[in-house]
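Coordinates in review
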2 protein chains.
Amino acid sequence: MNQQMEIISIGTELLIGKTLNTNAHWMARRATSLGITVKRITVVRDDTNDIAKIVHEALKRKTRFIITTGGLGPTFDDKTLEGMAKALNRKLEVDEKALKMVREKYEGYVKAGRIERVELTPPRVKMATLPKGAEPLPNPVGTAPGIMMKVEGTFLIALPGVPSEMEAIFEESVAPLLKKEAGEVVFFETSIYADNIMESTLAPLIDQTMHENPYVYIKSHPKGEEKKPHIEIHFSTTAKDFKTAKDRLGKAIVQLSELVQKTGGKIKLSVRVGE
Amino acid sequence: MNQQMEIISIGTELLIGKTLNTNAHWMARRATSLGITVKRITVVRDDTNDIAKIVHEALKRKTRFIITTGGLGPTFDDKTLEGMAKALNRKLEVDEKALKMVREKYEGYVKAGRIERVELTPPRVKMATLPKGAEPLPNPVGTAPGIMMKVEGTFLIALPGVPSEMEAIFEESVAPLLKKEAGEVVFFETSIYADNIMESTLAPLIDQTMHENPYVYIKSHPKGEEKKPHIEIHFSTTAKDFKTAKDRLGKAIVQLSELVQKTGGKIKLSVRVGE
């Protein structure tokens, strides 16, 4: 079985519909491409109790990876570390390694002429105040470090909410770990498009094709208008190598295409293949 | 206290990073503008047990509204109603009112020349097979009806995943209910932009302003590059009428702008105001 992940997106802006959750989308795609199964995404407000509750629930499910995004910055409503400490019943304390990272950032800002001198004010020290036992992850792009801790069998990881920072820390410190844990697997996907067939007519044909191609997952996504049905049919598989994956999808695509064409449907191959 | 909502987004495509969750974003924005507090969004795979578990958890939290999107169509992996029935320990049965809605849709497709005759095949009857006690909601755009049921103090509502269908059923059957439940409240928001100030310098100024404007929520969103800080400051409030809301935000904006300018920061007002 694949290693599993839960993503917890923290930020009131996501729950008032101000901000589209592109972070969870990006991370789900990257983790999937590395061979990890993302089981759940939860979005929660900037509220210490809500965060603590959700982290606690996720830990109870013993998912291998729990990754949060958001809530690591200097403002009062950056509450992720507080919520995590509460979930784990651990103290928050200034971490020397994290403080060094933060200090070096501000030293850089002085050199760049953005600020006059390094002052480690409380909002700045806050970014280095971690749940006991957490390891800071360097932030190549912004100021707040990410954090990682091992809690029994789970890697609990917190990344910032600014997309460029989240992505940079993910690539540098998280992706190598996921890759190692997932082992030698690849996720492969492609889509074809069906016209002139209704989804309810297509449904049993997909059933049949999946039944005969047990490692291939097929899902239809209606895209057209009521008057002109146009259905994306998405094929995906996780395999040990690209050849196996491609062969599997190729076989399933040929089989389903023939079934669709028999009903009078038309198939168009997509150009987007794999990653 | 505002009435609360949880959104449950159902679809493996959201967890492999194929599809961006615009449905949850749209619904969170609409519900917020109607005066509802969205507490949590959960995204889950097309898996009956996962869906049942998440619906069960949400019901235990006694949230007033639980709205799912996705998984109502004719294919094998449309599992929302099965998951709900399992969560509620109710039987699934063909609902005559829902079946009539589905039949009329296919009669329309015959008239439009899309299909030759109405055949209520198992995948089509599936869309009218509801947990016992559920009320079908007409779908003005597509085929699968939405559903609504009252479970103790909670409205449990399921909408399709195709955005145009979800939005149409929401506006026709859900929004009026939310409006009635929320009462006479409006949500009002606006943003200003701060340049030449770092987020860690801004943080205590926001604290102070929120402290003196207890009904206003203020959150900073860094938008710039490391070399050129540019911060969106988002103000929002829920009030009984627009005048109260506007006055509140106006006062907070003036106050925070003055504080920012004192540090040498520059403020730019945004053009986007309220809805």
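Residues numbered from 1 in each chain as written. Chains lettered and ligands numbered in written order. Predicted model: local features only at pLDDT ≥ 70, side-chain atom pairs only at ≥ 80, totals over all residues.

Let us now look at the overall build of chain A. Counting its regular elements, chain A contains nine helices and twelve strands. Viewed in the frame of its principal axes, chain A has a C-alpha envelope of about 70 × 40 × 35 Å. Of all 275 residues assigned to chain A, the portion counted as buried reaches 49%. (Helix = DSSP H or I, 4+ residues; strand = E, 2+ residues; numbered from the N terminus. Buried ≥ 20, exposed ≤ 12 C-beta atoms within 10 Å, placed from the backbone.)

What follows is about the packing of helix 3 (residues 48-60) of chain B against helix 4 (residues 80-88) of chain B. Residue and element names in this part refer to chain B. The N-to-C vectors of helix 3 and helix 4 enclose an angle of 50°; their axes lie 8 Å apart at closest approach. Classified by the angle their axes make, helix 3 and helix 4 are oblique. Read as a crossing pair, helix 3 and helix 4 show a hand that is right-handed. The segment helix 3 lies against helix 4, with T48, I51, A52, V55, H56 and L59 engaging T80, E82, G83, M84, K86 and A87. Class assignment for the residues of the contact of helix 3 with helix 4 results in six nonpolar, four polar and two charged. (Axes fitted to C-alpha atoms, helices over the stretch in contact; angles between N-to-C directions. Parallel < 35°, antiparallel > 145°, perpendicular 65-115°, else oblique. Left-handed = near helix turned anticlockwise from the far one by under 90°. Contact = placed C-beta atoms within 7 Å. Nonpolar A, V, L, I, M, F, W, Y, C, P; charged D, E, K, R; others polar.)

The interface of chain B with chain A comprises 50 residues on the first partner and 50 residues on the second. Elements with a minimum of two residues in the side of chain B that touches chain A: helix 1 (12-15), helix 2 (22-33), strand 2 (37-44), helix 6 (122-126), helix 8 (199-212), strand 10 (217-222) and strand 11 (230-239) of chain B. The greatest single-element share of the side of chain B that touches chain A, amounting to seven residues, is contributed by strand 2 of chain B. Examined bridge by bridge, strand 2 (residues 37-44) of chain A and strand 2 of chain B share five bridges and lie antiparallel to one another. Opposite V43 of chain A, over in strand 2 of chain B, you have I41 of chain B as the bridge partner. (Pairing = 2+ DSSP bridges.)

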